[in-house]
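Analysis of the macromolecular model
Single-letter residue listing:
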Amino acid sequence: MSAEPAKRRIKWYRSPIAAEDLARLNQRSDARGLAQTLGFLALLICSGGLAWVAVGRAHWLVVLALIYLHGALYAFLVNGFHELCHKTVFKTNALNVAFRNVYAFLGWYSHVSFWASHQAHHRYTLHPPDDLEVVLPVKLTLRSYLAFAFINPRGFYLRMKNVIQLCFGVIDSEWERALFPPENVAGRRALFRWARLLLAGHLLIAAVSLIQGWWMLPLLLTLAPFYGGGFQYLLNEAQHIGLSDEVSDYRINTRTILLNPLLGFLYWQMNYHIEHHMYAAVPFYNLAELHALIRNDLPYCPRGVSGTWAQILPILRRQRREPGYQFVPELP
């Protein structure tokens, strides 16, 4: 790979929408942003609090179930982090930045690295080597899924390795080296500084927990991104898996799925993923309305998690038989 991603222009197809409708949908709301952002954090506080209170009061199987539930909910933190990185959650930019940093810290995410990568992902969706955030075909095995679904020690090791290396100014990832070449001094400085803040903050949590005897605190906070993520994985992986790369139509390389309101809340409406790629400036809470306006121009959208994977699994089985096969949905 060259020192930085290749530059090219892709003329993306976008479903037509009236300019006044798009201008209205692009409007951001502090009230709606706070309702989602604080509501989701409140849900994590409740799930973590239930697990904490259950220790010593309930059967150990109940405690394990509550810890697992907390991890399953915590996994959706990444979707909130993603939206906050887009800076479309709040009208007030300071709120976007503040909550982005909170979500990034809680999930061990680097907003510096992610946003550099994610801009490339949107600009060059599934056109390697310009987009290496998602590379098709996605290889999904039962073993890799079970690691996300239950306990993911490899994920913890790789995250810690990356953070520690960045603390010492070492960029080991090929994609990060492309995004942060040596001449990008400011970007590298921000990348290293955030890694040091992450590590120092979580070490402080560990130290306080050790002194106070709060062994549940790091389990429910520092380690929470590394267990119980199986359900969120099924939703997140559905965004592009099995579809086509090197095309200029989001309807062919991205998948929209239809979810009930509760799952839509947890997933930050990222089930409307074609819409999100077509019009990335539209806040997540307006994507359902955007979907309604352009749905006649979209391919079939599977409903629910089971309906979505009923579409995906036959594609993956065929790809194992025919490695070059890519599914192309029927367009209106």
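Look up: the structure comes first, before these words.
In this report, we go over the structure that sits alongside the text.

The rules behind each value
- Residues numbered from 1 in each chain as written.
- Predicted model: local features only at pLDDT ≥ 70, side-chain atom pairs only at ≥ 80, totals over all residues.
- Heavy atoms only, no water.
- Helix = DSSP H or I, 4+ residues; strand = E, 2+ residues; numbered from the N terminus.
- Buried < 20%, exposed > 50% of the residue type's maximum accessible area, 1.4 Å probe, protein only.
- Contact = heavy atoms within 4.5 Å.
- Areas by Shrake-Rupley, 256 points an atom, 1.4 Å probe, with all protein chains shown as cover.
- Lys, Arg positive; Asp, Glu negative; His and termini not counted.
- Charge placed at Lys NZ, Arg CZ, Asp CG, Glu CD.
- Axes fitted to C-alpha atoms, helices over the stretch in contact; angles between N-to-C directions.
- Parallel < 35°, antiparallel > 145°, perpendicular 65-115°, else oblique.
- Left-handed = near helix turned anticlockwise from the far one by under 90°.
- Nonpolar A, V, L, I, M, F, W, Y, C, P; charged D, E, K, R; others polar.
- Salt bridge = Lys/Arg side-chain N within 4 Å of Asp/Glu carboxyl O.
- Expected span 1.5 Å × (residues − 1).
- Phe/Tyr/Trp six-rings, centres within 6.5 Å; stacked < 30°, edge-to-face > 60°.
- Lys NZ or Arg CZ within 6 Å of the ring centre and 35° of its normal.
- Patch = residues over 30% accessible without salt bridge, like charges linked within 9 Å, V, L, I, M, F, W, Y side chains within 5 Å.

1. Overview of the overall build of the protein chain
A tally of regular secondary structure across the protein chain gives 17 helices and zero strands. Based on the C-alpha atoms only, the size of the protein chain along its principal axes is roughly 60 × 50 × 50 Å. Among the 332 residues that make up the protein chain, the fraction classed as buried is 50%. For the protein chain, long-range pairs separated by at least 24 residues make up 74% of all intrachain contacts whose partners lie at least 6 apart in sequence. When the accessible surface of the protein chain is split by element, carbon and sulfur atoms take 64% of a total near 16200 Å². With 31 positive and 21 negative side-chain charges, the protein chain shows a separation of 6 Å between the mean positions of the two kinds.

2. Here's the deal with the packing of helix α5 (residues 93–107) against helix α10 (residues 185–212)
Running from N to C, α5 and α10 point in directions that differ by 60 degrees, and their axes come no closer than 10 Å. Of the possible angle classes, the one that applies to α5 and α10 is oblique. In terms of crossing hand, the pair formed by α5 and α10 is right-handed. Residue-level inspection shows Asn101, Ala104 and Phe105 of α5 in contact with α10, the latter providing Trp194, Leu197, Leu198, Gly201, His202 and Ile205. A class-by-class count of the residues in the contact of α5 with α10 yields six nonpolar, three polar and no charged.

3. Details of unusual backbone geometry
Here the bond from Pro128 into Pro129 is cis, since omega is 5 degrees, no more than 30 degrees from zero. Counting through the fold element by element, Pro129 comes out in the loop between α6 (111–123) and α7 (142–149). The linkage connecting Leu136 with the following residue, Pro137, adopts the cis geometry, with an omega of -5 degrees. Relative to the elements of secondary structure, Pro137 occurs in the loop between α6 and α7.

4. Some points on the pattern of salt bridges
A side chain of one charge can pair with a side chain of the opposite charge if their charged atoms are brought near each other. Per the counting criterion, the structure on display carries five salt bridges. Between Arg251 and Asp249 there is a salt bridge, and its shortest N-O distance comes to 2.8 Å. Glu322 is paired through a salt bridge with Arg318; the nearest N and O atoms lie 3.2 Å apart. What makes Arg318 partly exposed here is its relative accessible area of 31%. Taken together, the shared-partner salt bridges connect Asp21, Arg24 and Glu289 into one network.

5. Notes on helix α17 (residues 304–321)
Here α17 contains 18 residues, and its C-alpha end-to-end distance of 27 Å stays within 8% of the 26 Å for a straight helix at 1.5 Å per residue. Looking only at α17, the buried set comprises Gly304, Val305, Thr308, Trp309, Gln311, Ile312, Ile315, Leu316 and Gln319. Elements that come into contact with the buried residues of α17 comprise α12 (230–237) and α14 (261–266).

6. A short note on the packing of aromatic side chains
Geometrically, a pair of aromatic rings is defined through the distance of the ring centres and the angle of the planes. On inspection of all chains with the given rule, the structure shows 15 aromatic pairs. With 5.2 Å between their ring centres and 80 degrees between their planes, Phe156 and Phe226 make a pair best called edge-to-face. Of this pair, Phe156 sits in helix α8 (residues 153–167) while Phe226 sits in the loop between α11 (216–220) and α12; the two residues are 70 residues apart in sequence, bridging distant segments of the chain. The residue whose ring lies beneath Arg318 is Tyr325, and the NZ or CZ to ring-centre distance is 3.8 Å.

7. Here's the deal with a nonpolar patch on the surface
Together, Trp52, Val53, Leu204, Val208 and Trp214 make up a nonpolar patch on the protein surface, roughly 460 Å² of accessible area in all. If you list the elements that add at least two residues to the nonpolar patch, you get α2 (30–54) and α10. Along the polypeptide, Val53 turns up in helix α2.

8. A short note on the environment of Leu313
Summarising the element assignment, Leu313 is placed in helix α17. Look at Leu313 and you get partly exposed, because its relative accessible area is 39%. Distance in space between the C-alpha atoms of Leu313 and Ala116 is 31 Å, their sequence separation being 197 residues.

9. Some thoughts on the side chain of Gln311
Looking at the secondary structure, you find Gln311 in helix α17. In this structure Gln311 touches Arg255, Tyr300, Pro302 and Phe327, once residues within four positions along its chain are discounted.

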